[in-house]
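Spelled out from the first residue to the last, the chains are:
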Amino acid sequence: MRLVEKVFNPTGKKHAGTLIFFHGSGDTGNGLTEWIRFLLGRDMEFPHIKVIIPTAPVQPYAPMGGENSNVWFNRKRIEMDCPEIRTSLASIYDTVNEMLVREVAAGVPLNRIVVGGFSMGGALAMHTGYHLNRDLGGVFAISSFLNTGSIVYDSLGCVSQDEQLPELLMMHGERDTLVPLEWGQTTYDELAKLGVRGQFVPHGTALHEIKKDQLLRVIDFVQKIIPEPVDNVFDSPKPEPATTTKVSKKGKL
């Protein structure tokens, strides 16, 4: 399934990496784009990185009484201890995998792709980078969490000690009442136990929202993972996987 996407091509001559930014539940790619533009005073653009901000499919969403909404996957309740609906997750895995395949076919190595998001979008990013394909360069999540017993934890439990996982940046508002800070911290701690390296950054004044300084931190994170190539040679902190136009799933249902 091809999603509606807001795309910001590199402002320079070389497309040397890709950032995929997933919005939160009930939002759209246009909505997130406008939010970023309001906070930064400009679009999120890079000289060498393509930015993709897709819109989630419209589907029934149980926390809204089954009404249709733009959501990446369905869930029974917004609670950490609520089991995942893995059949719903499987559908969006296929869609995200198609996006990754397109970027690899365009010549972008997996280790120069960063995925991230806000709220539910951040959860999808963690599913993408730690279950769907662990060859990606980095993952970021703002005000997000994984459910207790998540398939992501199951997937990481099978990882060998020498496998290098995508670096993680998690940020969370201390005043967030929809997704409490403890949910984000617990998620980060569980991922760290399973070999994920990264950083968890609380924000003292943030509610369930994105702040400008969080976006600026994301920009720095992305530029670290996907530096500008020197002399047309990719310079990445992570070993490049074999070149292929097929992106295989790392995890299984």
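Bear in mind the structure is a predicted one, so any value in this text is a computation, not a measurement.

Visitor: Explain the confidence of the model for the chain to me, please; I cannot follow it from the model alone.
Guide: Any residue range with low pLDDT should be treated as having predicted coordinates unsuitable for detailed reading. Of the residues in the chain, 91% have a pLDDT of 70 or more, and the chain-wide mean is 92. Low pLDDT, under 50, characterises residues 235-249; the stretch is placed with 38 contacts to residues that sit more than four places away or in other chains.

Visitor: Just checking my understanding: could you explain the packing of aromatic side chains for this structure?
Guide: Each aromatic ring pair is characterised by the separation of its centres together with the angle its planes make. Scanning the entire structure with this criterion turns up 5 aromatic pairs. Both rings, one in Phe21 and one in Phe140, keep their centres 5.1 Å apart while their planes meet at 90°; by these two values the pair is edge-to-face. Within this pair, whereas Phe21 is found in strand β2 (residues 18-22), its partner Phe140 is found in strand β7 (residues 138-142), the two being separated by 119 residues in sequence. Per residue, the accessibility class of Phe21 equals that of Phe140, and both read buried. When the centroid spacing of 4.9 Å and the interplanar angle of 65° are considered together, the rings of Phe145 and Trp183 count as edge-to-face. In this pair, Phe145 is assigned in the loop between β7 and α4 (151-156) and Trp183 in helix α5 (residues 181-193), connecting sequence segments 38 residues apart. Here Trp183 falls in the buried class, since its relative accessible area comes to 18%.

Visitor: Help me out: how do you make sense of the UniProt feature "domain: Phospholipase/carboxylesterase/thioesterase" (unreviewed entry) in the chain in this one?
Guide: The residues that UniProt annotates with the feature "domain: Phospholipase/carboxylesterase/thioesterase" (unreviewed entry) are residues 11-225. Regarding residues 11-225, the helix share stands at 36% and the strand share at 20%, and the terminal C-alpha atoms are separated by 18 Å.

Visitor: Explanation requested: the packing of helix α2 (residues 86-105) against helix α3 (residues 120-132) in the structure shown.
Guide: Each packed pair of helices is defined by two parameters, the angle between the axes and the distance between the axes. Two numbers describe how α2 lies on α3: the axes approach to 11 Å, and their chain directions differ by 75°. Comparing the axis directions of α2 and α3 gives the class roughly perpendicular. Along its contact with α2, which presents Leu89, Ile92, Tyr93, Val96, Asn97 and Leu100, the element α3 presents Leu124, His127, Thr128, His131 and Leu132. The class makeup of the residues in the contact of α2 with α3 is 7 nonpolar, 4 polar and no charged.

Thresholds, definitions, all that
Residues numbered from 1 in each chain as written. Predicted model: local features only at pLDDT ≥ 70, side-chain atom pairs only at ≥ 80, totals over all residues. Heavy atoms only, no water. pLDDT = per-residue confidence, 0-100. Contact = heavy atoms within 4.5 Å. Phe/Tyr/Trp six-rings, centres within 6.5 Å; stacked < 30°, edge-to-face > 60°. Helix = DSSP H or I, 4+ residues; strand = E, 2+ residues; numbered from the N terminus. Buried < 20%, exposed > 50% of the residue type's maximum accessible area, 1.4 Å probe, protein only. UniProt positions renumbered as here; feature names shortened; annotations may be inferred. Axes fitted to C-alpha atoms, helices over the stretch in contact; angles between N-to-C directions. Parallel < 35°, antiparallel > 145°, perpendicular 65-115°, else oblique. Nonpolar A, V, L, I, M, F, W, Y, C, P; charged D, E, K, R; others polar.

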